[in-house]
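Fold and contact review
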Amino acid sequence: AAPGGAAEPLFTALHVVRCEARSRVWAVQTKALVASAGPRAGAETALTFTATPRYTYTIIPSTLRQGQEASFLLRAWATKPFTLSKTRPLEINTVSGDWSKRSAGGPRGAPTWNANPQFWLSLPRRSFVLLTLERGEDLGDDGDDAGGLGAAGASAGDPDAAGLSASF
């Protein structure tokens, strides 16, 4: 809340990203950003853009501050028939770890590399996975920061690594 107990103003923004297929956007490259509006404190944020059938467009409404909660209604109008649907929510898990004197095995290729902490990930079917590693001194007070989906987590083996998007 703002000083004096008043509700903090809600600033919203709206972004449209061009994608080759229906995909979740992990990071935005400037050339893929079709339109952007906000942040605005008003009750409505609006934008216009020209869409072509060659692409799918990912629409991303956002608030100015991470963790700020509010409901919203997204409306779309077009001069031709279209579909608008919500993506599936992300499955996110976090686990903490540390490198101690015995478990700091060094870089890949070092003879002690296998001493580094290791974690198992299993999935019931094929899925794109984004992993990020944040250093302990960069985390919040609780040591668990599920935000920060930065481009540094992209895998070079990912076919969509250049655009950081993947179909779900």
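It should be noted that the structure appears before, not after, this text.
Reference entry: report on the structure contained in this document.

About the thresholds
- Residues numbered from 1 in each chain as written.
- Predicted model: local features only at pLDDT ≥ 70, side-chain atom pairs only at ≥ 80, totals over all residues.
- Heavy atoms only, no water.
- Pairing = 2+ DSSP bridges.
- Helix = DSSP H or I, 4+ residues; strand = E, 2+ residues; numbered from the N terminus.
- Axes fitted to C-alpha atoms, helices over the stretch in contact; angles between N-to-C directions.
- Patch = residues over 30% accessible without salt bridge, like charges linked within 9 Å, V, L, I, M, F, W, Y side chains within 5 Å.
- Areas by Shrake-Rupley, 256 points an atom, 1.4 Å probe, with all protein chains shown as cover.
- Salt bridge = Lys/Arg side-chain N within 4 Å of Asp/Glu carboxyl O.
- Polar contact = N/O pair within 3.5 Å; in protein donor to acceptor, adjacent residues only side chain to side chain.

**Section: the sheet that holds strand E4 (residues 56-63)**
Adjacent strands of a sheet pair through backbone hydrogen bonds, lying either parallel or antiparallel. If you trace the 3 strands from one edge of the open sheet to the other, you get E3-E1-E4, paired in antiparallel fashion. For this open sheet the edge positions go to strand E3 (33-40) and E4, each flanked by a neighbour on one side alone. Direction aside, neighbouring strands of the sheet carry axes that sit 15 degrees apart on average. As defined by bridge partners, strand E1 (residues 12-19) adjoins E4 across 8 bridges and the pair is classed as antiparallel. Looking at E4, one finds that Arg 18 is bridged to Tyr 57.

**So, unusual backbone geometry**
Pro 39 follows Gly 38 through a cis peptide bond whose omega is 10 degrees. Looking at the element boundaries, Pro 39 is found in strand E3.

**Points about a nonpolar patch on the surface**
Residues Ile 59, Phe 82 and Leu 84 make up a contiguous nonpolar surface patch of about 250 Å² in total accessible area. Mapping Leu 84 onto the fold places it in the loop between E4 and strand E5 (165-166).

**Considering the pairing of E1**
Within a regular strand, the side chains alternate between the two sheet faces. As judged from the 5 bridges shared by E1 and E3, these two strands associate in the antiparallel manner. Bridge assignment links Val 16 to a residue of E3, and that residue is Ala 35.

**As for the side chain of Asn 116**
Inspection of the secondary structure puts Asn 116 in the loop between E4 and E5. In this structure the side chain of Asn 116 is engaged in a polar contact, spanning 3.3 Å, whose partner is the side chain of Trp 99. From its side chain, Asn 116 meets the backbone oxygen of Trp 113 in a polar contact 3.0 Å long.

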